[in-house]
Amino acid sequence: MSLTLTEKIINAHIIDGNPVKGSEIGLKIDQTLTQDATGTMAYLQFEAMGIPQVKTERSVAYIDHNTLQSGFENADDHRYIGSVAKKHGIYFSRPGNGICHQVHLERFGKPGKTLIGSDSHTPTCGGLGMIAIGAGGLDVAVAMGGGAYYITYPEIVGIKLTGKLNDWVSAKDVILKVLQELSVKGGVGRVMEYFGDGVKTLSVPERATITNMGAELGATTSIFPSDKLTKQFLKAQGREQDYTELSADENAVYDKILEINLSELEPLAACPHSPDNIKTVRELSGADPTNQPVAVNQVCIGSCTNGSLLDLLKVAHILKGKTVHETVDLSISPGSKQVFNMLSNPVSDGVSALSDLISAGARILEATCGPCIGMGQSPCSAGVSLRTFNRNFLGRSGTKDAQVYLVSPETAAASALTGVFTDPRCLGEMPEFTTPENFHINDNMITLPADATDAHNVKIIRGPNIKELPVNSPLSDKITASVILKVEDNITTDHIMPAGAKILPLRSNIPAISEHCFTVVDETFPKRAKQAEKGIIVGGTNYGQGSSREHAALAPLFLGIKAVLCKSFARIHRQNLINNGIIPLTFINESDYDNIEQGDELTIDNSQFTIHNITKNIDIPVKSEFTERELAMLKAGGLLNLTRGGELK
Ligand code: MIC
Ligand code: SF4
């Protein structure tokens, strides 16, 4: 039987269930990654499981998100994660070494393997032909302990690429096009598999930009074949031995096919406040005489989406010998120390690309997430910020009324020079940029774990901000509680549990971080929820899209939220709710959304998961559709209670 590449890798890793679309399957996980903003919780959970050494082929803990140290909290988390890593067999990528997804692609990803990470952009490594999936921290902890990772066997969307990108049009424009076609919920329950002749015109870093931002489709993951260019990339990383050729069978059958002719694409931008709100850069740059070009206050280049060497070389080329426009503030965050180092290598005229960036007036930041997660560089009031990142959700930049647009590095750099939205195609001829024959390899910022026989000597160091995990109690037969909050469609995890420089240091302290839960939407939510002692949230479609942050479940749990009833859920968030014993329910008739108001009192009968609106005296038919395993987690009050009881497979 002819198979897609996704099916080949998934089928080879199924350890529980059968390869049937739509059914629940447990996958063997070869590699895991964590980052520091989700890592502390994941490692507290791993510790609670009492497993001495990780059982994966490779587990890596990265420090890349919470790197602004304006108090002791983040530094304490870094130290804690470093000590857990040393004790339990985990590689530790120190602060400064780079953003998890970029470094993992460079140094650890392997075609054909499975990876889960406590970050929603883990699919970046799909650019190397891996099945790489974002998950909650607890799922990653279980996988580190050798447990299966459960997903619904996905539908597979084939994205057929033909043609070749024109000059100044880039990988970012490809994924923005896919987002325009499919929307931020178009990937839910699906894997995006790229194939066709156009694939061989895209280098691994370009493929990784596309798979990275596939997260914004809500997709389980995205994947490219592993081919000659993959081999060339791995060879340049000194890892040719990790290469395996992989592709779909010739007659593989996809559930749906989307065809994109790369030659027909033009520079695109995702407009505020959603990655699928797409316009052409042409429109925004005032090409049409009825439109004024959009003025730009800030440009931020880098992140895990567009922080590769190729991206930044292009930017340096555009900025060389010029000055950033006086109304624009430009910052650059390279994806990794390797990228940073190579940018600083002198090129033919003896000057480095880094020096070109500095001379033009770019503010060079660390190789970390930085402005992407609101860790500094918040735009001015109502400021227009052009970012090469992957998310432009309301408030994420740290300035609530900022207008954030997502664009390619080429569009960002061109606009940084002019002070208005600028189509990079006006820049003339583009020089050839290719993946270098050899990358600068120096893994000195990756600390190896202690030898298993010495591990007992490693002391785990906890700081005072690291508080205990909230743990749920087993499910009661009936819940009677009021609707504490009713929200609209497409609520993101940045609404539920905002991030940014002020809040991220509280990631290890659930009581403290809970005070910020949903405050972007309603400042009174934490107080009202606590007063009520138990409550229910009602939402629209795609509730919980965005991040893998478990805090978007842990904080509501701490505040007494027992159930979330909405039109549909984003994949990772639904799982995080179940993992923490909060019941996710969906309306059978979406119109019933209008039959519930904030403040209504509801009763949930947990034997059948039926809902009665006491205030309005009407029944609300809901879908529960839990698998046996999910039901067991809900009944036990969460996955941790199950693993502790030793009941988990
Ligand atoms: C993000 O891009 O939203 C983050 C910050 O990387 C999150 C993880 C987190 O909230 O810690 C993600 O993508 O999962
Ligand atoms: Fe970091 Fe931004 Fe990438 Fe998330 S999307 S991992 S915050 S760079």
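Keep in mind that what you see is a predicted model, and the values were worked out from it rather than measured. (Residues numbered from 1 in each chain as written. Chains lettered and ligands numbered in written order. Predicted model: local features only at pLDDT ≥ 70, side-chain atom pairs only at ≥ 80, totals over all residues. Heavy atoms only, no water.)

## Focus on the overall build of the chain
Counted only if it meets this: Each helix corresponds to a stretch of at least 4 residues labelled H or I by DSSP, and each strand to a stretch of at least 2 residues labelled E; elements are numbered beginning at the N terminus. Atoms considered for the radius of gyration are the C-alpha atoms alone. The globule rule reads 2.2 Å times the number of residues to the power 0.38. Under the scheme applied here, a residue whose accessible area is under 20% of the maximum for its type counts as buried, over 50% as exposed, and between as partly exposed, the area being computed with a 1.4 Å probe on protein chains only.
Along the backbone of the chain there are 21 helices and 28 strands. Computed over its C-alpha atoms, the radius of gyration of the chain comes to 24 Å, within 12% of the 26 Å expected for a compact globule of 649 residues. Along the longest, intermediate and shortest principal axes, the C-alpha atoms of the chain span 75 × 65 × 55 Å. A buried classification covers 63% of the 649 residues belonging to the chain.

## As for the sheet that holds strand β2 (residues 24-27)
Inclusion rule: Here, a strand pair is defined by DSSP locating no fewer than two bridges between the strands. Angles run from 0 to 180 degrees between N-to-C directions of axes, and those axes are lines fitted to C-alpha atoms, restricted for helices to the stretch in contact.
Ordered in space as β1-β2-β8, the three strands form an open sheet in which the pairing is antiparallel. A single partner strand is all that each edge strand has here, and the edge strands are β1 (14-16) and β8 (149-152). Averaged over all adjacent pairs, the angle separating strand axes in this sheet is 50°, with direction ignored. Direction of pairing for β2 relative to β8: antiparallel, over a ladder of four bridges. Across the sheet, Ile25 pairs through a bridge with Ile151, a residue of β8.

## Side note on the site of ligand 1
Convention followed: Any residue with a heavy atom positioned within 4 Å of a molecule or strand is treated as near that molecule or strand. In the analysis that follows, any N or O atom pair within 3.5 Å is treated as a polar contact, provided that within protein one partner can donate a hydrogen and the other can accept it, and provided that, for residues neighboring in sequence, both atoms belong to side chains. With residues, only the protein chains shown are counted as cover, and all accessible areas are computed by Shrake-Rupley using a 1.4 Å probe.
Contacts to ligand 1 come from 14 residues, most closely from Asp119, Ser120, Arg507, Ser548 and Arg549. Contact between ligand 1 and Ser547: an oxygen atom at 3.0 Å from a side-chain N or O atom of the residue. Protein chains shield 97% of the accessible area of ligand 1, which is 330 Å² for the free molecule.

## With respect to the site of ligand 2
The following threshold applies: Residues are grouped as follows: nonpolar covers Ala, Val, Leu, Ile, Met, Phe, Trp, Tyr, Cys and Pro; charged covers Asp, Glu, Lys and Arg; every other residue, Gly included, is treated as polar.
Close contacts around ligand 2 come from His65, His101, Asp119, His121, Ser303, Cys304, Cys369, Cys372, Ile373, Asn390 and Arg396, and that covers them all. Of the residues contributing to the shell around ligand 2, the split by class is four nonpolar, five polar and two charged.

## What to know about the pairing of strand β21 (residues 478-486)
Across five bridges, β21 lies against strand β25 (residues 601-605) in antiparallel orientation. Following the sheet pairing, Ser482 is matched in β25 by Glu601. Bridge analysis of β21 against strand β22 (residues 535-538) gives four bridges, and the strand direction is parallel. Each residue of the ladder has a partner; that of Ser482, found in β22, is Gly535.

## So, the packing of aromatic side chains
Heads up, the rule is: Each pair of aromatic rings taken from Phe, Tyr and Trp, with Trp reduced to its six-membered ring, is defined by centres within 6.5 Å and is described as stacked if the planes are under 30 degrees apart, edge-to-face if over 60, and tilted in the remaining cases. Charge-over-ring placement is defined geometrically: NZ (Lys) or CZ (Arg) within 6 Å of the ring centre, and within 35 degrees of the ring normal.
If you walk through the whole model with that rule in mind, you get nine aromatic pairs. Pairing Phe518 with Phe525 gives two aromatic rings, centres 5.2 Å apart and planes at 75°, and the pair type is edge-to-face. Exposure class is identical for Phe518 and Phe525. Each is buried. A cation sits over an aromatic face here: Lys486 above Tyr593, 4.1 Å from the ring centre. Here the basic side chain of Lys567 rests over the ring of Tyr593, its NZ or CZ set 4.4 Å away from the ring centre.

## Details of the pattern of salt bridges
Spelled out, the test is: One side-chain nitrogen of Lys or Arg within 4 Å of one carboxyl oxygen of Asp or Glu is enough to make a salt bridge.
A full pass over the atoms with the stated rule returns 31 salt bridges. Of the charged contacts, one joins Glu155 and Arg190 as a salt bridge, the two residues approaching to 3.2 Å between their closest N and O atoms. Taken together, the positions of Glu155 in strand β9 (residues 155-162) and Arg190 in strand β10 (residues 190-195) put the pair 35 residues apart, joining distant regions of the chain. A salt bridge links Lys200 to Asp197, with the nearest nitrogen and oxygen atoms 3.2 Å apart. For the pair Lys200 and Asp197, a shared accessibility class is recorded, and that class is exposed. Counted as one network, the salt bridges with shared partners bring together Lys28, Asp30, Glu57 and Lys113.

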